[in-house]
Protein chains: 2
Amino acid sequence: MSTSTTVAPAIDRDDLVARHLPDLREAVDAARARSYHSRYSERITDPAYGDDPIAAGQADFEALQERGLRLDQPSTGERVAGERSPYGPTLAIDYPASDPAELVAAAKAAMPAWRDAGPDLRAALCVEILDRLGARAHELGQAVHHTTGQPLVMAFQAGGPHALDRGLEAVAYAWDVSTRHAASVTWEKPGKRPTIMEKRFHVVPRGVEVTIGCRTFPTWNGLPGIMASLATGNPVIIKPHPGAVLPLGLVVEVAQEVLGAAGFSPHLVTLATDTPDRPLAIELATNADVKLVDFTGSTTFGDWLEANATQAEVYTEKAGVNTIVVDGTDQAAAMFANLAFSFSLYSGQMCTTPQAVFVPRDGIDTDEGHLSFEQVGERIAAALEELLEPAKKGVEILGAIGDPSVVERIEEATGLGRVVAASTPLEHPAYPDAVVHTPLVVAVDAADADAWDTERFGPISFLVATDSTEHGLELVRDTVKRRGAITFAVYAGSDEVRAAATEVAMDAGVSASFDLHGSVFVNQTSAFSDFHATGANPAANASLVDDAFVASRFRVVETRWHA
Amino acid sequence: MSTSTTVAPAIDRDDLVARHLPDLREAVDAARARSYHSRYSERITDPAYGDDPIAAGQADFEALQERGLRLDQPSTGERVAGERSPYGPTLAIDYPASDPAELVAAAKAAMPAWRDAGPDLRAALCVEILDRLGARAHELGQAVHHTTGQPLVMAFQAGGPHALDRGLEAVAYAWDVSTRHAASVTWEKPGKRPTIMEKRFHVVPRGVEVTIGCRTFPTWNGLPGIMASLATGNPVIIKPHPGAVLPLGLVVEVAQEVLGAAGFSPHLVTLATDTPDRPLAIELATNADVKLVDFTGSTTFGDWLEANATQAEVYTEKAGVNTIVVDGTDQAAAMFANLAFSFSLYSGQMCTTPQAVFVPRDGIDTDEGHLSFEQVGERIAAALEELLEPAKKGVEILGAIGDPSVVERIEEATGLGRVVAASTPLEHPAYPDAVVHTPLVVAVDAADADAWDTERFGPISFLVATDSTEHGLELVRDTVKRRGAITFAVYAGSDEVRAAATEVAMDAGVSASFDLHGSVFVNQTSAFSDFHATGANPAANASLVDDAFVASRFRVVETRWHA
């Protein structure tokens, strides 16, 4: 179902603007109202994706590896390969290697025409890129599945429609903020002899943007920065994680196809592939002409970029320690099921997975009566078993682990306390080489901060015994301020606890979910309604997506003269 | 005409919101349309300021020095004095010295109640602060006159109404951006069983803000950051230049009066006065709890802050080399008069004063025929004479020079080329001790970059001989990118030159004024219509005032739960 052709038919610019801008206006309204909005269907079997979309997506994915990406960009001639699916197979595709300075030079050369295109046309072309990626969502889902290890349905949803909706949200904000000022005015200062000036306000880009992608959510975390930058006039160089090149490579292919068909240089969006002897992130991020950097990844490298890529505005999403405070519930069974799913989804390889669950050592009151601290642990273990057995069912939630250090961390964490739920290797029915582990849950005391107060990325959570709910909330306040956090949840027995938790959330700068049950999980946010990260604690210096995320990606240059 | 009283009458919060918010909405609309808007009259004799406002302002200024500022804030008990008017007199006022850590602690303690006040009430109180400063505009003008050395009319206008309008513009942007998202939503995701969530979006401040004021425009450059920060929920600590404490001290007095009368802690706005043995800027700007810094001053210290106050968002306005390209004109006399005024106003002690004027060495075509390079210099010299003689007239434009290094720079620059207009000391008819100098204009060749391509703050300009207009434009492009610039002007003989100059302006990131004559000068911008600085070149990393200036001063914390 690939819509890509070797020579893309020309795009009528005016027609595209007329078609996409009304939808974009709706998207802006939804983002401002924070109401439900989605352009790309998350139903994996939606007939919009064709008759047998999963099989077709698989076939497209195979064909894509065969033919390789259609890219038009400077290259050294060298080719780079080596992505290995966490499910086993090595991807049969390679990519051009490029010299960073040449990519930057090509991007700069392409910039003036893109600047002069103006916000409306740029936004319409960004929507077109997303739409064409949407038409290839199953192919994209396969690429995400086989690079990140996400289970297929999740890879399709999070890597396809949800990522595209986040990208659209970024376009909406960028378009809104960059068009909020009049493009021109006849200014008249009253007086006996009025002063009349003609003024023009030109939206100008900051310069070249570099996106440094992550392995786990290449499109979901990457598209907002890519789209916000492109929509505000900046050329984009995408430097994917070496283990997850293809999903962002597909973005580059489609972006070049659309830009080229509209008469713009394909060098506005290029792919920078690391070679084993030359990782490119530092070289690109510190290039004097690179003025914007979007990064998702480790705290260490994120902090380094913030301190060293000083010629650029740097937007980072790093790591943190996500927390939950359990004070009580009137839906105990639903709470445990919800927690078990949050621990398990994609083997806890999400920046939003809860790591420390604070429970009073005296236990909690629930609709099923008082539960001791130990009973809370038993119920979590039981909920995990219920969710993940048999293995055939479990792997559809857990996905696979691509990074061996995750497995090492599980082993290390096992010794840190009393094991409440052991991490068991599961055999994947379809992929015998896939590495799959159920979540580890370890009970520790709040005083064992060495255990729970260090980020341990992967299916590792701690049940932390506290003196009281208030004690748990104070630990949250402290750890969020020091370590950062993307998520925070509370199961509250009273309005007082919800109010106290809200106060902690505002003070520490982390968003909070209360009493989740059913199909909403603390690790998931919805584009247009939920902000992802706040930018107010050390886990991220930016939020996806708000005005602060887009407003500094362009500047306004004024010209004025007497009327 | 001071409206300040020892015990301010209580402010009715709801009433204040009802009164000020409609006006604020108008201000937002004007800012978005970039149309003419002003809340505070710039007419120095406007009856709104009373019957004999200049005399009354003088009397208020004397009385103020007598009584001292009414401040409520932590203090060491020590008092600091020593402001000396560039017109001679030493100001008879002293200020409390405070420990920076205590100011920050007091600010932090005041923050939660201010955060919880919400954007509407905060904005209304900011407007009220500005209005009460507006009622004391003449007193404020005197304070600016006798600290900065600006001529009185300018001190009144730029230090009073124009500064207050810029402050209002910042409140308008801050209020607009921080209320652009819904404060709450009932989110409904469609489906067989719809998912319904209640969500709240809390605007939370970044933390304590520190404004580091400059000597030349304490209120004009200070109020935007102060108001943008306060309106978005951040407490403000104002660290004025030791030579210009009083104007910002008045801002603190009035802000504390308003905040206190509305039931908020006066510690939300405090004054940090340097003592001779303890300058406070570095200590405050790098305090861990300080999350926003607004700075106006030298490039050296601005760059230092950007590199070292990494715990904060840092907004800087630094120095640059402002340029003019003269290609030709059909209003030669008006052009020379306009240039002469721009060189002279406040003795060139503006970050917007043109320094390098590029003129083709073969001369220019004008409505008065061809003028050689030498003739252009002669006409500028004649226009300066016409403008500034006799001295009684001249001092009302030149003001006085407070910083002895300005005079040293004039002497140094005199030797750098052929003197076109000599800098002459003028005797001030009213203040014999005032240091007054007419502008120096020196002719050099474009190759003498050591002369014109270094910022020389003060009444120092260069007439730079170029090969052609194109050559001049390329020099502008280059120097703006390297040195930065706040202003750029062109006298263009053709539309082609205007188009080429626009391209240079967009590329280098500096705003451009074309063919100014009459009462609009390149060194002046109007709030709500003209942006001051672009943030796109090294002279400033921010613009006064746009969305980027306010959008990162707050974050949004979300709470959500099942409906």
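Since the model is a prediction, treat every value here as computed from it, not as a measurement.

Cut-off values and rules
Residues numbered from 1 in each chain as written. Chains lettered and ligands numbered in written order. Predicted model: local features only at pLDDT ≥ 70, side-chain atom pairs only at ≥ 80, totals over all residues. Heavy atoms only, no water. Axes fitted to C-alpha atoms, helices over the stretch in contact; angles between N-to-C directions. Helix = DSSP H or I, 4+ residues; strand = E, 2+ residues; numbered from the N terminus. Parallel < 35°, antiparallel > 145°, perpendicular 65-115°, else oblique. Contact = heavy atoms within 4.5 Å. Phe/Tyr/Trp six-rings, centres within 6.5 Å; stacked < 30°, edge-to-face > 60°. Lys NZ or Arg CZ within 6 Å of the ring centre and 35° of its normal. Buried area = accessible area lost by both parts, 1.4 Å probe. Salt bridge = Lys/Arg side-chain N within 4 Å of Asp/Glu carboxyl O. Buried < 20%, exposed > 50% of the residue type's maximum accessible area, 1.4 Å probe, protein only. Pairing = 2+ DSSP bridges. 1 Å grid on protein atoms, 1.4 Å probe; cavity = no way out; pocket = protein on both sides within 12 Å on 5 of 7 lines; lining within 4 Å. Points joined across faces, edges and corners; volume = space filled by probe spheres on them. Nonpolar A, V, L, I, M, F, W, Y, C, P; charged D, E, K, R; others polar. Least-squares fit on C-alpha atoms with pLDDT ≥ 70 in both. Right-handed = clockwise from strand over helix to strand, strands pointing away. Expected span 1.5 Å × (residues − 1). pLDDT = per-residue confidence, 0-100.

## Considerations on the packing of helix α5 (residues 152–159) of chain A against helix α6 (residues 161–178) of chain A
Residue and element names in this part refer to chain A. Here α5 crosses α6 at 15°, and the two axes come no closer than 3 Å. Considering their axes alone, α5 and α6 lie roughly parallel with respect to each other. Contacts between α5 and α6 involve F156, Q157, A158 and G159 from the former and P161, H162 and A163 from the latter.

## Some points on the packing of aromatic side chains
Each pair of aromatic rings is reported with the distance of its centres and the angle of its planes. Scanning the entire structure with this criterion turns up 24 aromatic pairs over all chains. Ring geometry for Y315 of chain B and F549 of chain B: centres 5.5 Å apart, planes at 70°, overall edge-to-face. Placement of Y315 of chain B in strand β9 (residues 313–317) and of F549 of chain B in helix α18 (residues 547–551) is noted, with a sequence separation of 234 residues between them. Grouping aromatic residues by their ring pairs yields a cluster made of F295, F301 and W304 of chain A. R553 of chain A extends its terminal NZ or CZ atom over the ring of F549 of chain A, reaching a point 4.3 Å from the ring centre.

## Focus on the interface of chain B and chain A
Taken together, the contact pairs 68 residues of chain B with 68 residues of chain A. Between chain B and chain A, the buried area comes to about 5,700 Å², and carbon and sulfur atoms account for 55% of it. The partner of K199 of chain B in a salt bridge is D530 of chain A, with the nearest N and O atoms 2.8 Å apart. With 8 residues, strand β22 (residues 554–562) of chain B is the largest single contributor of residues to the side of chain B that touches chain A.

## Let's talk about the pairing of strand β12 (residues 356–360) of chain A
One face of the sheet, then the other: side chains in a regular strand alternate in exactly this way. Residues and elements named next belong to chain A. The buried fraction of β12 amounts to 5 of the 5 residues, a majority that puts the element mostly inside the structure. Going residue by residue along β12, you find A356, F358 and P360 tucked away on one face and V357 and V359 tucked away on the opposite face as well. One ladder, built from 3 bridges, connects strand β10 (residues 323–326) with β12; its direction is parallel. Across the sheet, T323 pairs through a bridge with A356, a residue of β12. Strand direction decides the pairing type here: β12 and strand β19 (residues 460–466), joined by 5 bridges, are parallel. Pairing of F358 across the sheet is with V464, part of β19.

## Overview of the environment of L416 of chain A
All names here are of chain A. Along the polypeptide, L416 turns up in the loop between α14 (404–414) and β15 (418–421). We classify L416 as partly exposed; its relative accessible area is 30%. Distance in space between the C-alpha atoms of L416 and D478 is 21 Å, their sequence separation being 62 residues. Those residues within four positions of L416 in sequence are excluded, and the remaining contacts are V442, V444, A451, R456 and F462.

## Side note on empty space enclosed by the protein
Residue and element names in this part refer to chain A. Taken as a whole and assessed by the stated rule, the structure comprises 9 cavities of 30 Å³ or more. Forming the boundary of the largest cavity are 23 residues, of which N221, D294, F295, T296 and L544 lie nearest the centre. Counting residues per element, the ones that place at least two in the lining of the largest cavity are β5 (208–212), α7 (218–231), β8 (290–296) and β9 (313–317). Looking at the lining of the largest cavity element by element, the count peaks at 5 residues for α7. Here the lining of the largest cavity is composed, by residue class, of 12 nonpolar, 9 polar and 2 charged.

## Brief notes about helix α5 (residues 152–159) of chain B
Helical geometry note: an α-helix holds 3.6 residues per turn, so side chains three or four residues apart project in the same direction. Inspection of α5 of chain B places M154, A155, F156, A158 and G159 of chain B among the buried residues, and these make up the whole buried set. Of the surrounding elements, those touching the buried residues of α5 of chain B are α4 (137–148), α6 (161–178) and α7 (218–231) of chain B.

## Topic: the side chain of T323 of chain A
Its place among the elements puts T323 of chain A in strand β10. Once residues lying within four places of it in the same chain are set aside, the contact partners of T323 of chain A are A356, F358, V476, T479, T487, F488 and A489 of chain A.

## Some details on the sheet that holds β15 of chain A
Pairing within the open sheet is mixed, and its 10 strands lie in the order β15(A)-β18(A)-β19(A)-β12(A)-β10(A)-β20(A)-β21(A)-β22(B)-β4(B)-β3(B). Single-partner strands in this sheet number two, and they are β15 of chain A together with β3 (184–189) of chain B. Averaged over all neighbouring strand pairs, the angle between strand axes comes to 25°, with direction disregarded. Inspection of the sheet shows β15 of chain A paired to strand β18 (residues 440–445) of chain A by 3 bridges, in the antiparallel sense. Bridge assignment links A421 of chain A to a residue of β18 of chain A, and that residue is V441 of chain A.

## With respect to unusual backbone geometry
Put simply, E389 of chain B and P390 of chain B share a cis peptide bond, and its omega is 0°. Checked against the element boundaries, P390 of chain B lands in the loop between α12 (373–388) and α13 (391–398). Cis geometry marks the peptide bond from L544 of chain B to V545 of chain B, where omega comes out at -10°. Tracing the backbone through its elements, the reader meets V545 of chain B in the loop between β21 (512–514) and α18. Backbone geometry places S347 of chain A, a non-glycine residue, at a positive phi of 50°. Relative to the assigned elements, S347 of chain A resides in the loop between α11 (332–344) and β12.

## Let's talk about the sheet that holds strand β13 (residues 364–366) of chain B
Residue and element names in this part refer to chain B. Taken together, 3 strands build an open sheet; the order of strands is β11-β13-β14 and the sheet is mixed. Every interior strand has two partners, whereas the edge strands, β11 (328–329) and β14 (369–371), have only one. Pairing of β11 with β13 involves 2 bridges; the strand directions are parallel. Paired with T329 across the strands is T366, a residue of β13. The sheet contacts of α12 involve β13 and β14, and relative to β14 the element is tilted by about 90°.

## Points about the relation of the copies chain B and chain A
When chain B is fitted onto chain A, the two copies agree to an RMSD of 0.0 Å after a turn of 180° and an axial shift of 0.0 Å. In symmetry terms, the pair is related by a two-fold rotation axis. By residue overlap, the copies meet face to face through one surface: 100% of the interface positions of chain B are interface positions in chain A.

## Considerations on the pairing of strand β8 (residues 290–296) of chain B
Residue and element names in this part refer to chain B. Summarising burial for β8: 6 of the 7 residues are buried, a large majority. With 5 bridges connecting them, strand β5 (residues 208–212) and β8 associate as parallel partners. Across the sheet, V208 pairs through a bridge with V290, a residue of β8. Pairing analysis gives 5 bridges linking β8 to β9, with the strands arranged parallel. Across the sheet, residue D294 finds its bridge partner in β9, namely Y315. In the classification by handedness, the crossover that spans β8, the intervening helix α10 (residues 299–308) and the parallel β9 is right-handed.

## Some details on helix α11 (residues 332–344) of chain B
Residue and element names in this part refer to chain B. With 13 residues, α11 ought to run about 18 Å at 1.5 Å a step, and its terminal C-alpha atoms sit 18 Å apart, in line with that. For α11, the tally of buried residues reaches 10 of 13 residues, placing the bulk of the element in the interior. If you check which residues of α11 are buried, you get A332, M335, F336, N338, L339, A340, F341, S342, F343 and S344. Immediately beyond the C-terminal end of α11, within one or two residues, lies Y346, with a positive phi of roughly 50°.

## Here we look at the confidence of the model for chain A
All names here are of chain A. Per-residue confidence for chain A gives a mean pLDDT of 96; residues scoring 70 or more make up 99%. Across residues 1–5, where pLDDT falls below 50, the model places 17 contacts with residues more than four positions away in sequence or in other chains. Per the prediction output, this complex has pTM 0.97; the corresponding ipTM is 0.96.

## Digging into the environment of I380 of chain B
All names here are of chain B. Tracing the chain through its elements places I380 in helix α12. Classification of I380 as buried rests on a relative accessible area of 0%. Sequence-wise, I380 and F336 are 44 residues apart; in three dimensions their C-alpha atoms are separated by 5.6 Å. When neighbours within four sequence positions are excluded, I380 is seen to be in contact with F336, L339, F343, V441 and L463.

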